[in-house]
Each structure stands twice: as C-alpha cells, then as structure tokens.
Amino acid sequence: MTPWTLCGYALMLTLEASPVETAPVRVLDGPEVQSVRDGLKRVGCAFTDLAKLDAAALAGCRVLILSGTEPPVSRADAPTLARFVEAGGAVLAVGGGGKRLLELGLFDARGYYMTGKTVHLSTIEAYHRITFGYPGDVPGDDWKRGVYFLVRATDGPLMEVGPNATPILSAGGPYSLAAVQRLGKGRLLIIGADPQANNGEKGTDRLLANSVAFLLDPYGNQIPNSGFEEHTDLPPAQSNWTVTTRGGASSEWRKTGAAEGETCLKLTSDGAEDVVEVQPTCPIAVEPGERYTFSCQYRATASWKVSLELLKRADRSGILGSVSGSPSFEAGERTEATVPPSPEWKRFEVALTVPADVRYVRPVLAIERKGELLLDALALALKGDPDRQ
C-alpha cells in the first residue's frame, strides 16, 4: 500500500464505525464553507454540520473544522474552544478559520493577509503526516518541492510562526502556510490556503485527507515512504530520501529480501575510508516536550550508527513570494547510538524526548567500516499518552 492508501484506509476505518449523525468530524457552518464539505465528501470523510459552537454541539467530536471567510466563533466562544482542545479534541482551521484562531489568540503566530485570491507553490519545510504523498511522481507543473496550487480564497493567513508552534509548509521568506501546535491534550492545525480548491483537480485533496487522518490519530509514523515501497527511482528533488556516498561506498534499492513489503535499502562500504549514509530529504516535524520512538528494521555484517540530529527553526528573512528550496535550521543536540551487526532482520529502537526549543529531527543512518547494511521500515512516532487510554 502507498502512504496515501494507508492514510485513507485508516481514516475510513475510523469513520465507518460511526453513523453520519455521530461522526467524530464536525464542520462549523458559515460563509463559503461548502468547498470544504465537498472536499471531505470526495475523500470519503463522514462529517456532521454544526450550526453554532457550544459544549453540547462538541460532545463526541474529535476534529472540529473551522473554514470559510467568517466562521461564527466570537471571543465569547474562545474558552469553549480552548477547553475542547485542552481535553483532547483537535481543530483543523482552514483559510478564514486560521485567521479566526489567530484573532482569538489561540495559536502562536502572527498573520499576514494578502488581498484578493492568491495561488501558492509551497515548499515542504519539514515532513509531517499531512505532507505524505508529496511531491509525488507527477507533481503539478513540475513543482517538485512541496504542495502545488494551494489557493488562498477565504482570507486565510500567511503565518510568522511563534515558538509554541511547528511550521510544516513554507510560503517563502518568513511565512508559513501550514503549522501545528499542541494545546493541552489536543492539537490545532492551521492551513492558511484552501487545500480543496479547484474541486481537487490539482491534487490538494490529499492534504485535506491527511490532515483529518492525522488529527484523528496523531500517533502514526511521521516519516514518508518509510518502507521504500514507491518512488525510489525519482530524481533527488522529488525523493523522500537522500543517500550520500564517499570513497568506494555504494547504495542499492533492493526489490527482494525486505523485512517488510517488497523493497529495502542496501548500503555497502568497502573500507575504513568509505562512508555511506541515508537520511530523509527534509527533517521531520516534531512537537516540543513530546516523547517519540525512532525505530527501523536492519541486517548488518558490521556495526553501524544512528544519529538523531535535533534542529531549531532559524529566523527567516526574504521577500514574500520567493520560495527557498532549503529552509535553514539551527543545530541543537545530537543523539547517537552504535548498533551491533546482526545476520538476521532485527528491530532497532530508541526513545527521544524533544526539548522545548526543538521543532525538527533529522535521522541519519550510516555505515563507516567495511560491511553491508540493509534497512527497512524506518519510523518516528509519538509514544502513546497514558492519559489517552
């Protein structure tokens, strides 16, 4: 299965268990909300319409969607909304819904609002569950670095994100189009543009489906194509993985003998001067203060190394509309482990608690001495919250 299939399948399993009248996804009514409803229908997401926001309407709700140009959420409703999220609920704020969250002071970002309808070619600032499937094998208009054709049609914000939120999609310079923030036991996710524009013809429905699936269950793997099952033959600009070799080292995507699925990655070093390493092309977005588990399956004829590089988000500068293909980060601490060889497939796992000033993690796996290393099923996932059970 592709990551998109898995995401959609998990979403459908969750939603098919509940009839529409008690669907865990609720859409607050308001001006220009129909496009979101249509997008949810296209991706098979059952939802309930809410006429107004109150505690009774939110009973049984797990994901509340605020969208359109003027969601009917006043300052008097802010405490109700905050309590809902703090207790474990989630809010997906799209377009004008994101603007309203910023106005209420519930999300740590400052909004910039362009006039009229604007189209954005976003860059993936960091991999996240909402970015799965992008840029893909056939990116729109050859856009190979992010989500193509996000349309700001409902007064959504371009965000200068503060220290409590994690940016995911860059709009160029200091601005982000998508960011996530933890609040109590729940989460707020803002997408400033409208991911369901043009009736899904530009492939942006995937972003909407991914977002709902993530908020319904945030404990899945954050690393895209972690089993190397698709797109391993794409050029570097489109690949989710970067392999670097020095000296006589080499790499190979093997189509047989994988621990899981059909593909694994083989790294080979011919001597002490050789180095070969693999890492996700973009770092992985993480939430400050949260506990994660990094894991993989491996076979190795020699010891090898795992490094988890903790990254802070550097200050942004630039001209609105320009898009940098390589967002800058400030290096934080590094966690390293040496893994012994194993002739059979074996699971490696290490726990990580994210410091308060870190927003991203870059896993790097390397073999630096003569030998072979086979890798499969790389994962970085939130550890289960005991209070969630």
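See the structure above.
Right, let's walk through the structure included here. (Residues numbered from 1 in each chain as written. Predicted model: local features only at pLDDT ≥ 70, side-chain atom pairs only at ≥ 80, totals over all residues. Heavy atoms only, no water.)

In this section: the overall build of the chain. When helices and strands are tallied, the chain shows 5 helices and 23 strands. Scored against the burial criterion, the 389 residues of the chain give a buried share of 57%. Put simply, 77% of the contacts in the chain that link residues at least 6 apart link residues at least 24 apart. Total accessible area computed for the chain in this model is approximately 16,000 Å², and 48% of it derives from carbon and sulfur atoms. (Helix = DSSP H or I, 4+ residues; strand = E, 2+ residues; numbered from the N terminus. Buried < 20%, exposed > 50% of the residue type's maximum accessible area, 1.4 Å probe, protein only. Contact = heavy atoms within 4.5 Å. Areas by Shrake-Rupley, 256 points an atom, 1.4 Å probe, with all protein chains shown as cover.)

Moving on, we come to the environment of L373. Checked against the element boundaries, L373 lands in strand β23 (residues 371-382). Considering only alpha carbons, one finds L373 and S251, 122 residues apart in sequence, at a separation of 9.5 Å. Other than its neighbours up to four places away in sequence, L373 contacts L265, K266, L267, Y298, R299, A300, W304 and I367.

One open sheet accounts for 5 strands, arranged β14-β15-β23-β18-β21; its pairing is antiparallel. Looking along the sheet, the strands with just one partner apiece sit at the ends: β14 (250-254) and β21 (342-353). Adjacent strand axes in the sheet meet at a mean angle of 25°, parallel and antiparallel pairs treated alike. (Pairing = 2+ DSSP bridges. Axes fitted to C-alpha atoms, helices over the stretch in contact; angles between N-to-C directions.)

The next thing to look at is the pairing of strand β15 (residues 264-269). Every regular strand shows the same layout, with side chains that alternate between the two sheet faces. Across the 6 residues that make up β15, a large majority, 6, are buried. Here β14 runs beside β15; their pairing, made up of 5 bridges, is antiparallel. Residue pairing across strands places E252 opposite K266, the latter belonging to β15. Note that β15 and β23 share 5 bridges and pair antiparallel. If you follow L267 over to β23, its bridge partner there is L373.

Moving on, we come to unusual backbone geometry. A cis amide bond, omega 0°, links Y134 with the succeeding residue P135. Structurally, the position occupied by P135 is in the loop between β7 (123-124) and β8 (150-152). The residue F149 is not glycine, and still its phi comes out positive at about 60°. Along the polypeptide, F149 turns up in the loop between β7 and β8. Judged by relative accessible area, which is 17%, F149 ranks as buried. Positive phi values are uncommon outside glycine, yet N225 reaches one of about 50°. Of note, N225 is situated in the loop between α5 (205-216) and β13 (241-246). Taking relative accessible area as the criterion, N225 reaches 7% and is therefore assigned buried.

Let us now look at the environment of L207. Position of L207 relative to the elements: it lies in helix α5. Note on L207: relative accessible area 0%, which makes it buried. C-alpha of L207 to C-alpha of Q196: the two residues are 11 residues apart in sequence and 8.3 Å apart in space. Those residues in contact with L207 that lie beyond four places of it in its chain are I130, Y134, V147, L150, L169, I191 and P195.

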